[in-house]
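Chains, contacts and geometry: an overview
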Amino acid sequence: MRITDLISLCFENLRRRKGRTALTVIGVVVGTCSIVVMVSLGIAMNVGFDEMIAEMGDLTKIDVYNWGNQGKEVKLDDKAIAEISALDHVNIATPIYNARYLSASIFSGKNNRYQMDAYNIVGMYPEAIQALQYELQQGEYLKDAPGSGEIKKVPVLVGQNAGYNFMDTKKRRDNYRYPGMTDAKGNPLPPFVDVTKDKLILKTNVNDTTDTSLKSLEYELEVKGVMVEDYQKGYVTSAGIVMDLNLLKRLEAEYMKANKIKDPNYGKTGYDNVTVKVDNIDNVTEVEKKIQELGFSTDSMNSWRENMQKQSQTIQVVLGSLGAVSLFVAALSIVNTMTMAIYERTREIGVMKVLGCGLSKIRSMFLIEAGMIGFLGGIIGIAVSYTLSFVLNHFGPALMSMGLGSMLPMFGSRVSVIPPWLALLGIVFSTVIGVLSGIAPANRAMQISALEAIRHE
């Protein structure tokens with residue numbers, strides 16, 4: 001008997017017992033649907049956790065600090081940054097540098113009428129700005145600044161609302177403007193300075209006004225782009241200024257020289273902290289561990305994510321176990337159906353044996369029938385699961401808002417998530433359960449005596 005003949009015979013046997021087959025398939029459908037939907041609730045929780053943490057910060061970002069892990073003495077300098085950048089899966093590593101010794105103001109307008117305190121100037125590697133996903137409202141990203149020569153123009157990126165930080169020094173009242181401010185007629189008032197068009201001059205403050213030998217330095221700021229406000233990236237995206245790290249350090253060094261500021265430890269203690277961008281969220285743990293092995297302390301959103309994932313996995317196991325009970329009942333139903341089939345087809349089995357059909361073929365026939373029941377139930381069960389998932393995702397939030405969905409574990413934008421691997425696993429699992437449920441009846445069919453089977457009425 002060929003395999004095609006065997007499959008055709010199995011289909012015919014199932015077709016002849018439509019009612020019993022349908023009831024058994026329904027049992028498998030319920031079991032498959034229970035497991036898949038239950039697990040999908042846990043997966044949705046996991047996705048919701050990721051969405052919630054992503055709103056709090058970048059999941060692929062690691063902050064590295066300039067103090068030792070477990071008491072080790074380390075220095076977060078350029079050499080250390082080069083080592084971190086060379087690690088696998090690291091896209092970029094850059095200091096977020098604030099010049100502690102640079103004291104300056106920014107002026108604009110005729111006779112420097114408008115003034116802004118330059119307290120929020122940040123230095124970064126130019127290539128890191130785009131890699132860290134600082135979005136631009138307009139303009140272009142920074143390029144590497146010249147490493148030597150006289151500094152004439154300083155290329156910078158400014159925050160979205162940086163223009164509102166300027167004060168009108170000619171007025172005693174109404175000398176400030178803020179985003180959303182309107183005039184008496186309700187018309188929005190623009191900032192005093194258009195940072196993309198007006199000339200901006202960075203002028204350093206004199207450290208000691210009584211010392212006439214000290215001088216103020218002036219630099220023209222060249223605005224290359226305007227950043228989109230994003231407080232996850234920091235206040236600098238709203239009202240700050242970003243420039244090339246090395247250029248900022250040169251400005252700071254010139255300021256210290258002009259104001260006779262001496263610090264024997266300047267440049268020797270390393271950076272306070274460095275931001276590391278990892279290529280994929282799944283590699284954050286590995287990269288963070290390697291950085292810690294270099295001796296540095298780290299912090300990332302990944303530790304929170306892992307704790308939440310452990311909670312989610314526990315809930316998935318519990319929910320999946322509840323669904324497995326239904327599939328176990330369905331397995332018993334398959335055993336019962338196949339056992340009844342043996343009693344009904346005892347004479348048929350005897351005839352097959354007398355005609356020379358091998359025991360393995362008879363066994364395979366019952367296993368295939370049981371597997372077909374499991375497979376068909378799995379296919380329909382997955383279809384029903386997707387339907388239920390659609391209903392939960394569209395009506396679950398509404399039920400929760402009405403206080404009727406308190407049992408739904410919703411932590412994100414969706415209540416249920418069924419990825420392709422879960423659908424495939426559900427079909428395979430139900431088919432395997434069907435085959436395993438058919439083993440005992442198939443072995444029973446093999447043990448039936450041919451002569452007794454033929455005499456069976």
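Rules used throughout
Residues numbered from 1 in each chain as written. Predicted model: local features only at pLDDT ≥ 70, side-chain atom pairs only at ≥ 80, totals over all residues. Heavy atoms only, no water. Helix = DSSP H or I, 4+ residues; strand = E, 2+ residues; numbered from the N terminus. Buried < 20%, exposed > 50% of the residue type's maximum accessible area, 1.4 Å probe, protein only. Phe/Tyr/Trp six-rings, centres within 6.5 Å; stacked < 30°, edge-to-face > 60°. Lys NZ or Arg CZ within 6 Å of the ring centre and 35° of its normal. Arc of directions from axis to C-beta. Expected span 1.5 Å × (residues − 1). pLDDT = per-residue confidence, 0-100. Contact = heavy atoms within 4.5 Å. Patch = residues over 30% accessible without salt bridge, like charges linked within 9 Å, V, L, I, M, F, W, Y side chains within 5 Å. Areas by Shrake-Rupley, 256 points an atom, 1.4 Å probe, with all protein chains shown as cover. Salt bridge = Lys/Arg side-chain N within 4 Å of Asp/Glu carboxyl O. Pairing = 2+ DSSP bridges. Axes fitted to C-alpha atoms, helices over the stretch in contact; angles between N-to-C directions.

For His89, which is not glycine, the phi torsion reads 75° and is therefore positive. Following the sequence through the fold, His89 ends up in the loop between helix H3 (78-85) and strand S2 (90-95). Residue class for His89 comes out partly exposed when judged on its relative accessible area of 30%. Positive phi, close to 55°, is recorded for Lys260, a residue that is not glycine. The residue Lys260 is located in the loop between helix H6 (245-258) and strand S13 (273-278) in this model.

Our focus in this paragraph is the packing of aromatic side chains. Any aromatic ring pair is given by two values, namely how distant the centres are and how the planes are angled relative to each other. A complete count under the given rule lists four aromatic pairs for this structure. Pairing Tyr114 with Phe192 gives two aromatic rings, centres 5.3 Å apart and planes at 10°, and the pair type is stacked. Of this pair, Tyr114 sits in strand S5 (residues 114-117) while Phe192 sits in the loop between strand S9 (167-168) and strand S10 (200-204), placing them 78 residues apart in sequence. Of the two residues, Tyr114 and Phe192, both sit in the buried class. One cation-aromatic arrangement involves Lys203 over Phe107; the distance from NZ or CZ to the ring centre is 5.1 Å.

Among the residues making up helix H7 (residues 284-293), those that are buried are Val284, Val287, Glu288 and Ile291. Around the axis of H7, the buried residues are gathered within 100° of arc, so they sit on the same side. Along H7, the residues that are exposed and aim more than 90 degrees away from the buried face are Lys289 and Glu293. Residue Gly295 follows H7 closely and has a positive phi angle near 110°.

For helix H11 (residues 420-437), built from 18 residues, the straight-helix expectation of 26 Å at 1.5 Å per residue is met to within 8% by its first-to-last C-alpha distance of 26 Å. All of the buried residues in H11 are Leu422, Ala423, Gly426, Ile427, Ser430, Ile433, Gly434 and Ser437. Down the axis of H11, the smallest arc covering the buried residues is 140°, so these residues share one side. When the buried face of H11 is taken as reference, the exposed residues oriented beyond 90 degrees from it are Pro420, Trp421, Leu424 and Leu436.

Looking at the protein chain, pLDDT values average 82 and 85% of them are 70 or higher. When the criterion is pLDDT under 50, residues 403-407 qualifies, and its contacts beyond four places in sequence or with other chains add up to three contacts.

Where nonpolar side chains cluster on the molecular surface, the patch consists of Phe375, Leu376, Ile379, Ile380, Val384 and Leu388 and spans about 470 Å² of accessible area. With respect to the helices and strands, the residue Val384 is situated in helix H10 (residues 359-401). Judged by relative accessible area, which is 31%, Val384 ranks as partly exposed.

Our next topic: the pairing of S13. Among the six residues in S13, five count as buried, and that is most of the element. In this structure, strand S1 (residues 61-68) lies alongside S13, joined through five bridges in antiparallel fashion. Its bridge partner being in S13, Ile62 is matched across the sheet by Val276. Sheet topology places S2 next to S13; five bridges connect them, and they run antiparallel.

Within the structure shown, the criterion is met by seven salt bridges. Between Asp168 and Arg113 there is a salt bridge, with its nearest N and O atoms 2.7 Å apart. In this pair, Asp168 sits in strand S9 while Arg113 sits in the loop between strand S4 (104-108) and S5, placing the two residues 55 residues apart along the sequence. Since its relative accessible area comes to 1%, Asp168 is described here as buried. Between Lys233 and Asp230 there is a salt bridge; the shortest N-O distance is 3.4 Å. The class of Lys233 is partly exposed, set by a relative accessible area of 22%.

What follows covers the pairing of S4. Among the five residues in S4, five count as buried, and that is most of the element. Side chains of S4 alternate between two faces, with Ala104, Ile106 and Ser108 and Ser105 and Phe107 buried alike. As defined by bridge partners, S4 adjoins S10 across four bridges and the pair is classed as antiparallel. Residue Phe107 lies in a different strand from S10, and its bridge partner there is Ile201. In textbook terms, the turn of a hairpin is the stretch between consecutive antiparallel strands, and for S4 and S5 this stretch comprises five residues, one of which, Gly109, has a positive phi near 85°.

The strands making up a sheet are joined through hydrogen bonds of the backbone, oriented either antiparallel or parallel. Strand order in the open sheet made by the four strands is S2-S13-S1-S14, with antiparallel pairing throughout. On the outer flanks of this sheet lie S2 and strand S14 (296-300), each paired with one strand and no other. Between one strand axis and the next, the sheet turns through 25° on average, direction left out of account. Across five bridges, the pairing between S1 and S14 is antiparallel. Following the sheet pairing, Val64 is matched in S14 by Thr298. Here H3 sits on the sheet and contacts S1, S2, S13 and S14; the angle it forms with S2, its principal contact strand, is near 165°.

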